[in-house]
Structures are given as C-alpha cells and as structure tokens.
Amino acid sequence: MWKYIGTRECNEFLLSLHFIHCKDEKKYIKTIYSISNNIEKNYKIYKIKKRNGNYRTIYEPNSILKQIQRQILVNILNNKSISKYAKAYHKGIQLKDNATPHVHKEIILKLDIKDFFENISFLDIYNACFPIEYFPKPVGMILTYLCTYDNHLTQGSPTSAYISNLVMKEFDEDLGNWCDSMNISYTRYSDDMTFSGKFNPSELIAKVRKMLYKLGLELNHDKIHIVHKSSSQNVTGMVVNEKIQVPIKYRRKIRQEIYYIQKFGLSSHLKKCDINMDSKRYLNSLYGKILYVLQINDHDKEFIKYKRFIEDLKRQCIP
C-alpha cells in the first residue's frame, strides 16, 4: 500500500496527526523529527522505592513529548481493540473487574511477568501498534521511537500502558482461550496474571512460562503465589473467597480514622496521630480510600455515611 510513498507524503501524514499546536508546517515536522531522533534527551529519569525495598525506574517525558504521546494514545492507540482478558488501562474497566472472575474458586494462582515494560521491545511495539498495513514504514518507525526509550517501553509515559495491552493481545487471547477450554478463569492486570479454578498449578506455570518465552518475557520466580480457598484469597487488593470485598484491615483503619475525627476533631486527630499532612491533603486521601471501598460495593451504607461526612468536612475546611 505504501510502496511508492516518499518523504513529502510521509511529512503530510505526520502533519495530519496534529501532534502539537504549530501553524508553521516546517517547524512542526522539524520538531517531530528532532524529538524522535534524540528521544533519550526528552526524558527525566528517577527512581521510586517499592514496598519490598527495591526501586522502580520512572521515565518521565518532557511536556512536549508528553503532549505528543497523549495525542498518539487518543487518536491512534485507543482505536485499537485489546483482549477481553486484559483488565487494566482502558476505559470502562474497573479494578474489581480483574477480581470478579476469581470469586469462590478452589485455587488461585498469581504470576508476575519480570521487568514487564523494559522487556517489551521496539520491534514488539512497531508490529503491534504501527504496522505497515496502516502506516508508511518511516511514519510507523517515528511513532515507535516517540513511544520508547532506548528501544523499550517505559514506565511513566502516557502511551506505555495501552501499548502493553496491544503487544500482549495475541498472548492473552491464546492463553485465555486455552484456559476457557480447561474451565480455568484467567485475567491479566498489567504484569500480574491471575488464574483460578481447579487445576494443577505446576502444569499451568510451565505452559505460561513457555508462552512468555516466545515473546522474550519471563516469569518472576519470587512472585509465584498459590492460594487455596482455606486461606484468604486476594486479587489486586480485594478478597474473593466468597464475594468481592475490601480487606477487613483496610475497612477497619478507615473506620478508626472517622471515629477519631468525630471524637477529637480534625486538627486534634492529625496532631495526636502525628500525621504530617495538611487538612486538605489528608481529607482528600481519606476520601479516596472511602471511594475505593464504594467502588467495590456501592451499596455499603456505612461507607456512604463516611463519604457524606468527609464531603461536609471538606466544604468546611477547604475554601
């Protein structure tokens, strides 16, 4: 289709994508080429500490690259379908949708893909997102450069999450269809894969490992968890043994905070509990936790009351 396309046609194609607000067409094209040819210079790199003490590397694009990536996400990537087994990073999906298929199951197996984003390569992204069937090859290559750093996917870019779902689409479909045939429920939330039902975990792990290997991915052997129904079965922060619910400890902590606020007042509560946070930030944080509980169960009368209580407090405390 693009056999006889030249530089002029490619530039016109790039102009049609309206990545940045620039009326000067020459400047627009020069900016896009300059960024894609020097992509590493357009990122700020820093590390954040994880719960286990290790560090996660974040690649934050500068403002103009971030704008370009958002346009790529909205105008190109979001138009591409992903697998029904992928339960993160797309509109209309909620956190509980990843947990629902695993309610009241004999066994839950949780697997983690090691260094997930870093091992999704330039070629993976090009083939899954910007193939020659839909984009002139030079344009597809430029779009891929604009979404990568050092030839891999990054954590921190607006496009990365959805790209990961597109790259994993065929894997998800093949594994999901096989699981369906074996009466096993399967979902993937980013790099976390969850399986539930009645099965031999060793056989399933071996199959998943083999399928990932074909993609240049591997399992994180430190994060293989097999949970039987006799124990608390947790999927993306929700207990799923009998029904989906937020862990008791999480609910209890919110209940305790509400009690202290009502008993001592907001300022005294923050002081007594040595909470190093201003009233506005604290109330927004607590409100978010309450909304999370209501997202899982929007008919929870106790937490509906808490929601109203915090909303009243926010109106009083936050101008």
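Located above this text is the structure these notes cover.
What comes next concerns the included structure. Counting restarts for each chain, with residues numbered from 1 along the sequence as it is written. In keeping with the model being predicted, local features are shown solely for residues with a pLDDT of at least 70 and side-chain atom pairs are shown and tallied solely at 80 or more, while totals for entire chains, interfaces and linings include all residues. Based on all heavy atoms of the structure, the side-chain values leave hydrogens and waters out of the count.

Numbering of helices and strands runs from the N terminus; a helix is a DSSP stretch of H or I covering at least four residues, while a strand is a stretch of E covering at least two. Position of Ile48 among the secondary structure elements: in strand 1 (residues 43–49). Between the C-alpha atom of Ile48 and that of Arg188, which follows or precedes it by 140 residues, the distance is 24 Å. Between two residues, a contact is recorded if the distance between any of their heavy atoms is within 4.5 Å. Every residue in contact with Ile48, bar those within four places of it in the chain, is listed here: Asn54, Tyr55, Arg56 and Ile58.

Turning our eyes to something else, we now look at the state of the cysteines. Disulfide assignment relies on a single distance test, namely cysteine sulfur atoms paired within 2.5 Å. According to the stated counting rule, one finds zero disulfides in the structure shown. Cys10 takes part in no disulfide bond, and the closest cysteine sulfur to it belongs to Cys147, at a distance of 17 Å.

Now for the pairing of strand 5 (residues 192–197). Think of it in three bands: residues with accessible area under 20% of the maximum for their type are buried, residues over 50% are exposed, and the middle band is partly exposed, with areas taken using a 1.4 Å probe on protein chains only. Burial runs high along strand 5: five of the six residues are buried. At least two bridges found by DSSP between two strands are what make those strands a pair. Of the strand pairs in this sheet, strand 3 (residues 107–112) and strand 5 are connected by six bridges, and their pairing is antiparallel. Bridging across to strand 5, Asp112 finds its partner in Asp192. Looking at chain direction, strand 4 (residues 185–189) and strand 5 are connected through five bridges and run antiparallel. The partner of Tyr189 across the bridge, within strand 5, is Asp192. From the end of strand 4 to the start of strand 5, which pair antiparallel, there are two residues, and Ser190 there has a positive phi angle of about 60 degrees.

This brings us to the environment of Ser202. Relative to the helices and strands, Ser202 resides in helix 9 (residues 201–214). Residue Ser202 is classed as exposed on the basis of its relative accessible area, which comes to 54%. Sequence separation between Ser202 and Lys305 is 103 residues; the distance between their C-alpha atoms is 46 Å.

Here the focus is the sheet that holds strand 4. The strand order across the open sheet formed by four strands is 4-5-3-6, and the pairing between neighbours is antiparallel. Only two strands of the sheet have a single neighbouring strand rather than two, namely strand 4 and strand 6 (225–228). The sheet shows a mean angle of 15 degrees between the axes of neighbouring strands, direction not considered. Axis lines are fitted to C-alpha atoms, over the contacting stretch for helices. Their N-to-C directions set the angle, which ranges from 0 to 180 degrees.

So, about the side chain of His102. Relative to the helices and strands, His102 resides in the loop between helix 4 (96–99) and strand 3. Exposure remark for His102: the relative accessible area of 0% places this residue in the buried category. One polar contact links His102 to Ser196, side chain to side chain, over a distance of 2.7 Å. In this structure His102 touches Ile108, Ser185, Tyr186, Thr187, Thr194, Phe195, Ser196, Val235 and Val240, once residues within four positions along its chain are discounted. As used in this structure description, the phrase polar contact means that two N or O atoms lie within 3.5 Å; if the pair is within protein, one of them must be able to donate a hydrogen and the other to accept it, and residues adjacent in sequence are counted only when both atoms belong to side chains.

The next subject is the nonpolar core. The term nonpolar core refers to a set of buried residues drawn from Ala, Val, Leu, Ile, Met, Phe, Trp, Tyr and Cys, joined through side-chain atoms within 4.5 Å. Judged by nonpolar contacts, the single largest core of 61 residues is most densely connected at Phe19, Ile72, Leu77, Phe130, Leu146, Met193 and Phe195. Ranked by the residues each element gives to this core, the list is headed by helix 9, at five residues. What Phe19 contacts, discounting residues up to four positions off in sequence, is Leu14, Tyr28, Ile32, Gln67, Ile68, Gln71, Ile72, Leu143 and Leu146. Judged by nonpolar contacts, the second largest core, of 25 residues, contains Val240, Leu270, Ile290 and Ile296.

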